[in-house]
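Letter by letter, the chains look like this.
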Amino acid sequence: MSAANTAESADFRGPLDITRAATAVLDAESTVIGWSPAAAELLGYGPAEALGRPLSAFLSVHPVGGAPPVGIEAVAETDASGAPGTAGVPGTTATGIGPPSLVGNEIHVAHTRDGRELLVATAMCPLPGGAADRGPGTPDRILVAAEVGELRHWESRLALLQGLATQSPVGLAIYDTDLRLTWCNTAYEREIGQPLAAFRGMRADELYGDGSFVTPGYPQTLDGVMHQVLDTGEPVLDLNFRAQQPSDPGRDHLWSCAYYRLEDAHGHVFGVCEDAFDITDRYRVQERLTLLVEAGRRIGTVLDVATTAEEIAEVAVPDFAATVRVDVTRAAVTGETAAVGSPADMSLLRVADRSEPGTATPDPALPDPDPGPGVRGAGPLDSEGAESGPPGAESAKSGQPGESGAASLGDGGRHPYPPVAYPPGSPQHRSLSSGGLVLDEGTLVVPLRAGGGILGLVTFDRGVGPDASGRPPAPDRATTFDNGEVALADELAARAAVCIDNARRYTRERTASLALQRQLLPHHLPPQSAVRTAYRYLPADDVTGVGGDWFDVIPLSGTRVGLVVGDVVGHGLQAAATMGRLRTSVRAFAQLDMPPDELLTRLDDLVGQPAEEPPGANGGAVETYDVTTGATCLYAVYDPVSRRCVMARAGHLPPAIVDPDGGVSFPDLPAGPPLGLGGLPFESMEFELPVGSLLALFTDGLIEARDHDIAHGLDTLGRVLGDRSASLEELCDRAVSELVPGGTSADDTALLLVRTRELDAERVAHWELNAEAVSVGRARELATGQLEAWGLEELVFATQLVVSELVTNAVRYAGGPLRLRLIRDRTLVCEVADTGHTSPHLRHSAEDDEGGRGLFIVAQLVQRWGTRYTPTGKTIWTEQALPPADED
């Protein structure tokens, strides 16, 4: 809009105002004796042409009462100023005499100098004095005229002002330069609750003394904002003002306000205008939507029941409620199935309770008189995840492997949640009984429903006390809940219920995985003559879930010991079950005295075999991935007699070896492929370890983390293990504290430390014999003499029978030379080695058989026996229990 149009739009003088209208002075005979410049501009006749002529020369004698004459312009056109003409204006057609707003004015046809005809509205004003006393040429009356379209345009502006003053929902007020109210419209009067005369002259801060602007970057008071507008002349728009409406005390409202300076025609400032529109309802809808968005972002960030309950309380306080209490069923906390029976009788635990400062409300809950087994005291359940290791060790290894806090709730947990019970008639008890939400004045109780069952309750309570936190109250904060807020609370509870149900399912699976893992891992490691051991096992954190790391120490024949550590891909129940299958398989193969490379080959074949279960064998479930393929394993065998250690690995990290002087090395073992992949053979490497050497077998969870790589972890582990003055237990604690400082990581952690020993020469006796019949007697004599030297006379008879049978079989069915070895350890070990590769088999002889009973008799005399194959043949070994006085 141009400056000229802007100025014209701001001119509210009427078109028939004598100062701007076309004006003619008439005498008593309607002769023109005066002619204004506006009249000359309208009709085109100058004063010299108009004066002395009758009025009928310019205007029709009679007002227009029917259809306008043909050729009349400006009836359906727009005037030069852009104002609409009389097109479509009622009364200018054949059906009326003019617009209703022009009633009282006459409409005539005006004849212009260039031959055009115009519709004009006229008004006549007689001059004082009688017409009889005036002669020709004496002023008698004044005629003013204006185009009909211009008059209509002016009247529409008047209607606009009238609507703003009386009908507009926007509050309008004018303040003078002293910021005192001088005028307001009807909407503003409704806000104040009084007529204008009752509060005219009051200051804005007197009308809304408790209010303030909440839009950042502007003064907070009304006086400050208005003074800024008066001083700068710059209008401000959409400032949010929060206050209590005088006509509606006790409820906060929010207005969107605009301010602009008022100036007169000469540019002098005389005040400021305020436009205010109540946006409380819109703000509340936006606030609820924001709360839902925030709930979607913050609720359910982790799979933990307690954390989810805390999150819904944090989201709802203080924006939605003054106090939020979340009670969850014991079954949901422990991971059991949601209750679907009588909800009113279910056991609830208080897992979250949050209140706005200064507005805590009374808690109707009563302590549960029968909290159940193992529930003592109050406080948050320790859900930091699993404990650090199996029983039998201190600190990180105390407790069962992978025991979780949730699992300990029923067996004496350290910090269980307090049980609660609600009295009959309370909103919570009614909600449990009905299974629906209950609104009781300022208390709203919403059940947590999921899977057809109830997981608990959420209680929203509106505080009625003052806000002690100093935070400005939210607009329209009431002491009860309206329908929209009830729906919002139901939506919040529904989202929280889904997250709690997911956490419950995760807790159930994790508890089952930990229990399975705890049962499959060794509960304790029996003492071995070959090595001294210490270990630590840390399950993965709650976010990642239980993994499949494992370790084992397996006693083998000839006082040897098998050492194994492995890692299964993935986490969860399936990984734990796979770990158990692999550990059992390794123990079974190890008992067959397989060398490490052959054991891994057999294990790889076992893992690589495709499942032969028919479709639907698992109830229609389809296994989407196989966590067995890609598992890693390291297997080592140590012989305390020869101090030789043989090991092989399948995709696993090599061990750390620390010599008696403290030197640390990581041997470059041949890297076989992970289990199940196949394609490459496994190779063994043999070492001779000095007495007192330290072997460290571990998984990647110990040395690899998000904040450092494997190389850094290996360096740290080597530095810790290099301390020869520390015990194995101390070394385990130091390694875990430095490499896993938080106690848990994203992957399972297994560490097995082994200090090697050597059997004394006095405890081992061996001889070499020829493969001939006389060697049988010689073997009995040698064994008898050695047992007598060891003071084991009680075992002479049984040992003679064992030696005779084994040497006889070697002479008869194998070749020489033969080797006889006796080892006095925790048992008496008797070994006979030959060059044959055929293993004897135990069988039951028939009554008429002349032979075949010797090995059967041997099996009855010893605890266990077996065959161990070597590169040069085989070794048949037996173990006998020592007399009680000789066991050490």
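The model shown is predicted, which means the values in this text are computed figures rather than measured ones.

Thresholds, definitions, all that
Residues numbered from 1 in each chain as written. Predicted model: local features only at pLDDT ≥ 70, side-chain atom pairs only at ≥ 80, totals over all residues. Heavy atoms only, no water. Helix = DSSP H or I, 4+ residues; strand = E, 2+ residues; numbered from the N terminus. Contact = heavy atoms within 4.5 Å. Areas by Shrake-Rupley, 256 points an atom, 1.4 Å probe, with all protein chains shown as cover. Pairing = 2+ DSSP bridges. Axes fitted to C-alpha atoms, helices over the stretch in contact; angles between N-to-C directions. Patch = residues over 30% accessible without salt bridge, like charges linked within 9 Å, V, L, I, M, F, W, Y side chains within 5 Å. Salt bridge = Lys/Arg side-chain N within 4 Å of Asp/Glu carboxyl O. Buried < 20%, exposed > 50% of the residue type's maximum accessible area, 1.4 Å probe, protein only. Core = buried A, V, L, I, M, F, W, Y, C linked by side-chain atoms within 4.5 Å. Phe/Tyr/Trp six-rings, centres within 6.5 Å; stacked < 30°, edge-to-face > 60°. Expected span 1.5 Å × (residues − 1). Arc of directions from axis to C-beta.

Colleague: Explain the overall build of the protein to me, please; I cannot follow it from the model alone.
Modeller: Within the protein, the secondary structure is distributed over 21 helices and 35 strands. A separation threshold of at least 6 residues defines the contact pool for the protein, and within that pool the share at least 24 residues apart is 64%. For the protein, the exposed surface amounts to about 40,700 Å²; the carbon and sulfur share of it is 54%.

Colleague: Explain the sheet that holds strand β20 (residues 531-538) to me, please; I cannot follow it from the model alone.
Modeller: Sheets are built from strands paired through backbone hydrogen bonds, the pairs being either parallel or antiparallel. Spatially, β20-β30-β29-β25-β26 is the arrangement adopted by the 5 strands of the open sheet, whose pairing is antiparallel. Edge positions in the open sheet fall to β20 and β26 (664-665), since each of these has one partner strand only. Bridge analysis of strand β29 (residues 694-698) against strand β30 (residues 749-756) gives 5 bridges, and the strand direction is antiparallel. Residue Leu-697 lies in a different strand from β30, and its bridge partner there is Leu-752.

Colleague: Hey, could you run me through the sheet that holds strand β11 (residues 248-263) in this one?
Modeller: Here 6 strands make up an open sheet; going across it, the order is β8-β7-β12-β11-β10-β9 and the pairing antiparallel. Bordering the open sheet on either side are β8 (181-184) and β9 (212-213), each of which pairs with just one other strand. The pairing of strand β10 (residues 236-245) with β11 spans 8 bridges and is antiparallel. Opposite Gln-244, over in β11, you have Asp-252 as the bridge partner. Where helix α8 (residues 222-232) meets the sheet, its contacts fall on β7 (171-175), β9, β10, β11 and β12 (269-278), and the angle it forms with β11 comes to roughly 10°.

Colleague: Would you take a moment to explain a nonpolar patch on the surface for this structure?
Modeller: A cluster of nonpolar side chains, Leu-158, Leu-160, Leu-161 and Leu-164, forms an exposed patch at the surface whose accessible area comes to about 320 Å². Among the structural elements, Leu-158 can be located in helix α4 (residues 148-166). The class for Leu-158 is partly exposed, based on a relative accessible area of 35%.

Colleague: Help me understand the nonpolar core, please; the structure alone is not making it clear to me.
Modeller: Taken as a class, soluble globular proteins show a tendency for nonpolar side chains to be buried jointly. If you look at the biggest cluster of nonpolar residues, it comprises 49 residues, and the most contacted ones within it are Trp-550, Phe-551, Leu-563, Leu-599, Leu-675, Leu-695 and Leu-752. Counting 40 residues, the second-largest nonpolar core is a separate cluster that includes Val-317, Ala-321, Val-324 and Tyr-417.

Colleague: How should helix α12 (residues 427-434) be read in this particular structure?
Modeller: In an α-helix there are 3.6 residues to a turn, and that puts residues three or four apart on one side. Listed in full, the buried residues belonging to α12 are Pro-427, Gln-428, His-429, Ser-431 and Leu-432. The inward-facing, buried residues of α12 abut β14 (348-355), β17 (438-440), β18 (443-450) and β19 (453-461).

Colleague: Before we go on, may I ask you to explain the packing of aromatic side chains in this structure?
Modeller: Geometry of an aromatic ring pair is reported as the spacing of the ring centres plus the angle between the planes. One pass over the full model with this rule turns up 11 aromatic pairs. With a centroid separation of 5.0 Å and an interplanar angle of 40°, the aromatic rings of Trp-35 and Phe-58 are classed as tilted. Taken as a pair, Trp-35 in strand β2 (residues 32-35) and Phe-58 in the loop between α3 (47-50) and β3 (72-73) lie far apart in primary sequence, 23 residues in all. Exposure remark for Trp-35: the relative accessible area of 13% places this residue in the buried category.

Colleague: How do you make sense of the environment of Arg-853 when you look at a structure like this?
Modeller: On the secondary structure map, Arg-853 appears in the loop between β33 (827-834) and α21 (854-861). Sequence separation between Arg-853 and Glu-805 is 48 residues, and the spatial gap between their C-alpha atoms is 9.7 Å.

Colleague: Got a minute to help me understand the pairing of strand β13 (residues 323-329) in this structure?
Modeller: Sheet faces and side chains relate simply in a regular strand, where the side chains alternate between the two faces. In terms of residue burial, β13 counts as a mostly covered element, since 7 of its 7 residues are buried. A two-sided burial pattern is seen for β13, the buried positions comprising Thr-323, Arg-325, Asp-327 and Thr-329 on one face and Val-324, Val-326 and Val-328 on the other. With 6 bridges connecting them, β13 and β19 associate as antiparallel partners. The residue bridging Val-326 from the neighbouring strand is Val-458, located in β19.

Colleague: Help me understand the pairing of β2, please; the structure alone is not making it clear to me.
Modeller: Where strand β1 (residues 22-26) meets β2, 3 bridges bridge the pair, whose relative direction is antiparallel. If you follow Val-25 over to β2, its bridge partner there is Gly-34. Hairpin geometry of β1 and β2 is characterised by an intervening segment of 5 residues between the two adjacent antiparallel strands and by a positive phi of about 60° at Ser-30.

Colleague: For this particular structure, what's the right way to read the pattern of salt bridges?
Modeller: In a structure, side chains of opposite charge can pair up when their charged atoms sit close to one another. A full pass over the atoms with the stated rule returns 38 salt bridges. One salt bridge connects Arg-116 with Asp-114, and the closest N-O pair in it is separated by 3.0 Å. Assessed through its relative accessible area of 28%, Arg-116 is described here as partly exposed. The residue Arg-602 makes a salt bridge to Glu-598 at a minimum N-O spacing of 3.3 Å. A residue pair is termed a helical-turn pair when its members lie 3 or 4 positions apart in one helix, as Arg-602 and Glu-598 do in helix α15 (residues 596-608) at 4 residues. By relative accessible area, which is 30% here, Glu-598 ends up partly exposed.

Colleague: I'm lost on the environment of Ala-145 in this one. Help?
Modeller: Residue position: Ala-145 is located in strand β6 (residues 141-147). Ignoring any residue separated from it by four or fewer positions in sequence, one finds Ala-145 in contact with Leu-16, Ala-21, Ala-22, Leu-42, Ala-121 and Thr-122.

Colleague: I tried to follow the side chain of Glu-879 on my own but got confused; where do I start?
Modeller: With respect to the secondary-structure elements, Glu-879 resides in strand β35 (residues 873-881). When residues no more than four places from it in sequence are discounted, the contact partners of Glu-879 are Leu-556, Ser-557, Thr-827, Leu-828, Val-829, Val-862, Gln-863 and Arg-864.

Colleague: Please clarify how α15 should be interpreted in this entry.
Modeller: Here α15 is 13 residues long and its end C-alpha atoms lie 18 Å apart, about the 18 Å a rise of 1.5 Å per residue gives. The complete set of buried residues in α15 reads Pro-596, Leu-599, Leu-600, Leu-603, Asp-604 and Val-607. End-on view of α15: buried residues confined to an arc of 135°, all on one side of the axis. For α15, the secondary structure elements touched by its buried residues are α14 (573-591), β23 (632-639) and β24 (644-650).

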